[in-house]
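Chain residues, written in single-letter form:
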Amino acid sequence: VEEKSLVRKEMFFRLAELINISPKAEEKQRLMDLYSVMLDCLKETDATLFEEVKSDISKELLGESNRIKPLTLKDPTNVYDQVLQQWVQQANLSTPLIISTNGSTPLDLLNLLGVNGTSGMGAPTVIRFPSAVPMNMMPMLMRSPELSKQDITLLREAVFTPDILNNSIVDSSSVIITFRGDPCGSIQETYSKALRRIALVPGLADRVRLFVLPEYRLPDAKRTVLEKYSGNKFEPVFTVFPKNAGPSKRDSVELAVAISAVVTSVVACFIYSVDLNSYNPKFFAQAMAGDEAVVASIVPIVGGILLLQAVHDAGHYLMGRLRGLELLFPSVLLPSLQIGLFGSVTRLLAFPKDRKQLFDVAIAGPLCGFIASLLCLFSGLSLTAEATPEMLATFPQVPTGFFQISLLLHEIVDQYLHISSVPISSYATALTPVHPLLAVGIVGMLSNAFNFMPIGKLDGGRVAMSIAGRQSANTISFFTLLSQALTLLTSSSAVSPVSLFWIITVVFLQRGADLPPEDDVTPVATDEDDAKKSPAWILRMLSFAFCVVLTAGVLLPVPLDLAATQNAATILSNPT
């Protein structure tokens, strides 16, 4: 009984691993023969135990396959087969291992275990997808060509040598190779040296891409590093992918979607502009009479909203050009019937070099968008406050209760237009005339604040990942979505439509984590940067603080008790 208790799936997996790493063909063959004999003996001497071991291996592979399978998008069956093929065919056998999949039988384990006439040819090695590698990169790896044996040998023997990485542990498959060990110097120095060595080998830099990624799950205690800002512990893992394993370029389908989004967004902005102007009795009468002059009242708001979004996207694009990060341009617009435009989806077409590059490109859009929106907001407020009654009669009008969705917007507008003097009971029916620039500025403030929320692929999510790391960014994203859901349940009805449709948009399009930087270990501000306080460091700090404060102020709704207090104070101070 004690001897039988030692026969478990781990023994066969370990033997398969030895087959995989064996450098000599003869030794590999001997181990394969041993593997085959062990299976045959087990089957003959104890069929029950054989079935138990076979079942354990089946559950192991099936569990891993189920974890990966939902990630495949275009051709799940084909990618699924490729993944399993990599797990069980790492020994470079002369006879290929065929794995068949169909709906109910995802893996033919009889062939895997060496029965049905195939004994001795299927020595499996279960290679799990490294947890340091984000799972959203899985489809990219499956579409890329395999790493050649020559390149793998070069990486082992000429790049990650003991003089830069001691006690190295190497795991490899046909599309990925990872190196763990003790860096001879800092992580950044080791990474830089490895990059230089790859560049020195003719053509190697055109075939492989080097990452240094944090391994958060069960890191080696001897190599644990404390992540700055988040405090998470991780082990740095040097990971090599094929060079072509990256984001796809815009295809015809995505181009068609982008064009459709532009048309839909223009229509949504048009509807929003008509909606605001229709509260004005003069505009409504002209529109009902078929007067073409009403177009002059609609176009400024439509054009202003689209222009503010163009400023936001241009900030991303220009910073990307300056910092060397390729982005999808023009972006895919996100229309909104509530405010005309929610923003846009700006997809990365390349991996950021490091967290600083990701931070700079991500924050450039909201920074430019907020500045432009504030200019429109205050210019519109001044023009509205200075307008004569005759001019106000031509302006679009906003329901006064609309300003309850944002504490910051409510307080700023109240300073110029004194909207707190309107009784709360009249918020649903009271209207506030606003200059078109003010209407545009309000939309710009809302859309930029929405996009700076720290969720997934949003600008705020990318900034959170560049500062706190991927693991903390995922946690922040989850709790941000949760808080928004709670806000929708507890806020006034005026908040719900805009926020509700925005959250639905995010959940379906932007909630997933974005691509990691190639150097996903070096913090966005190192200790050396903190000590020097260079102009770039100061600009990053100010930009981040500026966007965070505005986003929080815009997204925080006006508390009902605060609104009631302000309303009562205004009425008492103006008894007439």
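Residues numbered from 1 in each chain as written. Predicted model: local features only at pLDDT ≥ 70, side-chain atom pairs only at ≥ 80, totals over all residues. Heavy atoms only, no water.

Peer 1: For this particular structure, what's the right way to read the overall build of the protein?
Peer 2: Across its full length, the protein holds 22 helices and 9 strands. Put simply, the protein has 576 residues, and 50% of those count as buried. Of the accessible surface of the protein, which amounts to about 27100 Å², a share of 63% is contributed by carbon and sulfur atoms. (Helix = DSSP H or I, 4+ residues; strand = E, 2+ residues; numbered from the N terminus. Buried < 20%, exposed > 50% of the residue type's maximum accessible area, 1.4 Å probe, protein only. Areas by Shrake-Rupley, 256 points an atom, 1.4 Å probe, with all protein chains shown as cover.)

Peer 1: Sorry, what's going on with the environment of lysine 243 here?
Peer 2: Among the secondary structure elements, lysine 243 is positioned in the loop between β5 (233–242) and α10 (252–278). Classification of lysine 243 as partly exposed rests on a relative accessible area of 30%. Considered as a pair, lysine 243 and leucine 141 are 102 residues apart in the sequence and their alpha carbons are 9.7 Å apart. Lysine 243 has contacts with Ala205, Asp206, Arg207, Val208 and Arg209, leaving out every residue within four places of it along the chain. (Contact = heavy atoms within 4.5 Å.)

Peer 1: What is the right way to look at the pairing of strand β7 (residues 340–345) in this model?
Peer 2: Looking down a regular strand, the side chains alternate between one sheet face and the other. For β7, a buried count of 6 out of 6 residues is recorded, marking the element as mostly surrounded by other parts of the structure. Counting the residues between successive antiparallel strands, the hairpin from strand β6 (residues 332–336) to β7 contains 3 residues. (Pairing = 2+ DSSP bridges.)

Peer 1: Hey, could you run me through the pairing of β6 in this one?
Peer 2: Most of β6 sits inside the fold, with 4 of its 5 residues counted as buried. Bridge count for β6 against β7 is 5 bridges, and the pairing is antiparallel. The partner of leucine 333 across the bridge, within β7, is serine 344.

Peer 1: Even after reading the chapter, I still don't get the confidence of the model for the protein, so can you show me in this structure?
Peer 2: Low pLDDT means the predicted coordinates in that region are not meant to be read closely. Of the residues in the protein, 78% have a pLDDT of 70 or more, and the chain-wide mean is 80. Mean pLDDT across the secondary structure elements of the protein bottoms out at helix α6 (residues 109–112), with 37, and peaks at helix α13 (residues 355–386), with 96. Note that residues 67–128 has pLDDT below 50 and, in this model, 120 contacts with residues that lie over four places away or in other chains. Residue range residues 568–573 is modelled with pLDDT below 50. Its contacts to residues more than four positions away, or to other chains, number 2 contacts. (pLDDT = per-residue confidence, 0-100.)

Peer 1: Help me understand the packing of helix α16 (residues 436–451) against helix α21 (residues 535–555) in this model?
Peer 2: How two helices pack is summed up by the angle between their axes together with the distance between the axes. At a minimum axis distance of 9 Å, the contact between α16 and α21 shows a crossing angle of 110°. In terms of orientation, α16 and α21 fall into the roughly perpendicular class. Between α16 and α21 lies a crossing of left-handed hand. Every residue of α21 that contacts α16 at Met445, Leu446, Ala449 and Phe450 is listed here: Leu550, Thr551, Val554 and Leu555. Here the residues of the contact of α16 with α21 are counted per class, giving 7 nonpolar, 1 polar and no charged. (Axes fitted to C-alpha atoms, helices over the stretch in contact; angles between N-to-C directions. Parallel < 35°, antiparallel > 145°, perpendicular 65-115°, else oblique. Left-handed = near helix turned anticlockwise from the far one by under 90°. Nonpolar A, V, L, I, M, F, W, Y, C, P; charged D, E, K, R; others polar.)

Peer 1: What am I meant to see in the pattern of salt bridges here?
Peer 2: Under the counting rule described, the total for this entry stands at 20 salt bridges. Among the ionic pairs, glutamate 326 bridges to lysine 249, the shortest N-O distance being 3.0 Å. On the criterion of sequence distance, the pair formed by glutamate 326 in the loop between α12 (295–323) and β6 and lysine 249 in the loop between β5 and α10 is long-range, its members being 77 residues apart. A relative accessible area of 47% places lysine 249 in the partly exposed class. Between arginine 462 and aspartate 514 there is a salt bridge, with its nearest N and O atoms 2.5 Å apart. One end of the pair, arginine 462, is in helix α17 (residues 459–468); the other, aspartate 514, is in the loop between α19 (496–509) and α20 (527–532), and 52 residues separate them in sequence. Residue arginine 462 is classed as buried on the basis of its relative accessible area of 5%. Residues joined by salt bridges that share partners form a network here, namely Arg180, Asp182, Glu215, Arg223 and Glu235. (Salt bridge = Lys/Arg side-chain N within 4 Å of Asp/Glu carboxyl O.)

Peer 1: Can you help me understand the nonpolar core in this one?
Peer 2: Across soluble globular proteins, you tend to see nonpolar side chains buried next to one another. In this structure, Leu377, Leu446 and Trp502 are the most contacted members of the largest nonpolar core, which totals 64 residues. Counting residues in hydrophobic clusters, the runner-up holds 24 residues, among them Met137, Met138, Met142 and Leu348. (Core = buried A, V, L, I, M, F, W, Y, C linked by side-chain atoms within 4.5 Å.)

Peer 1: When you look at the packing of aromatic side chains in this model, what are you seeing that I'm missing?
Peer 2: Aromatic ring pairs are defined here through the distance separating the ring centres and the angle between the ring planes. Tallying each qualifying case throughout the model produces 14 aromatic pairs. For the ring pair tyrosine 216 and phenylalanine 234, a centre distance of 6.2 Å and an interplane angle of 65° mean the geometry is edge-to-face. Taken together, the positions of tyrosine 216 in the loop between β3 (208–215) and β4 (225–226) and phenylalanine 234 in strand β5 put the pair 18 residues apart, joining distant regions of the chain. Each of the two residues, tyrosine 216 as well as phenylalanine 234, counts as buried. Among the aromatic residues, those joined into a cluster by ring pairs are Phe160, Phe179 and Phe238. The residue whose ring lies beneath lysine 533 is tryptophan 537, and the NZ or CZ to ring-centre distance is 5.3 Å. (Phe/Tyr/Trp six-rings, centres within 6.5 Å; stacked < 30°, edge-to-face > 60°. Lys NZ or Arg CZ within 6 Å of the ring centre and 35° of its normal.)

Peer 1: How should I be thinking about unusual backbone geometry in this particular structure?
Peer 2: With the exception of glycine, most residues fall at negative phi, and the peptide bonds are largely trans. Positive phi outside glycine occurs at asparagine 167, with the angle close to 50°. Note that asparagine 167 resides in strand β1 (residues 165–172).

Peer 1: What is the right way to look at a nonpolar patch on the surface in this model?
Peer 2: Taken together, the side chains of Leu255, Ile259, Val263, Val267, Phe270, Ile271 and Leu337 present a nonpolar region at the surface, about 650 Å² in accessible area. Structurally, the position occupied by valine 267 is in helix α10. (Patch = residues over 30% accessible without salt bridge, like charges linked within 9 Å, V, L, I, M, F, W, Y side chains within 5 Å.)

Peer 1: Looking at this structure, I do not really get the state of the cysteines. What am I missing?
Peer 2: A covalent bond bridging the sulfur atoms of two cysteines is what the word disulfide describes. A complete count under the given rule lists 0 disulfides for this structure. The thiol of cysteine 547 is not disulfide-bonded; the next cysteine sulfur, from cysteine 368, is found 9.2 Å away. Taking the relative accessible area as the measure of exposure, cysteine 547 reaches 0% and is therefore buried. (Disulfide = S-S within 2.5 Å.)

Peer 1: Would you take a moment to explain α13 for this structure?
Peer 2: Each turn of an α-helix holds 3.6 residues, which means side chains three or four residues apart point in the same direction. Its 32 residues give α13 an end-to-end C-alpha distance of 46 Å, which sits within 8% of 46 Å, the value for a rise of 1.5 Å per residue. Where α13 bends most, the angle comes to about 30°, and this point is alanine 364, followed within four residues by the proline proline 366. The opening residue of α13, the one whose side-chain oxygen lies 3.2 Å from the backbone nitrogen of lysine 356, is aspartate 354. (Expected span 1.5 Å × (residues − 1). Bend = angle between axes of the 7 residues up to and from the residue. Polar contact = N/O pair within 3.5 Å; in protein donor to acceptor, adjacent residues only side chain to side chain.)

Peer 1: Can you help me understand the side chain of asparagine 232 in this one?
Peer 2: Mapped onto the elements, asparagine 232 comes out in the loop between β4 and β5. A polar contact of 2.7 Å, which involves the side chain of asparagine 232, links it to the side chain of serine 472. When near neighbours in sequence (up to four residues on either side) are disregarded, asparagine 232 contacts Tyr216, Val225, Leu226, Glu227, Gln471 and Ser472.

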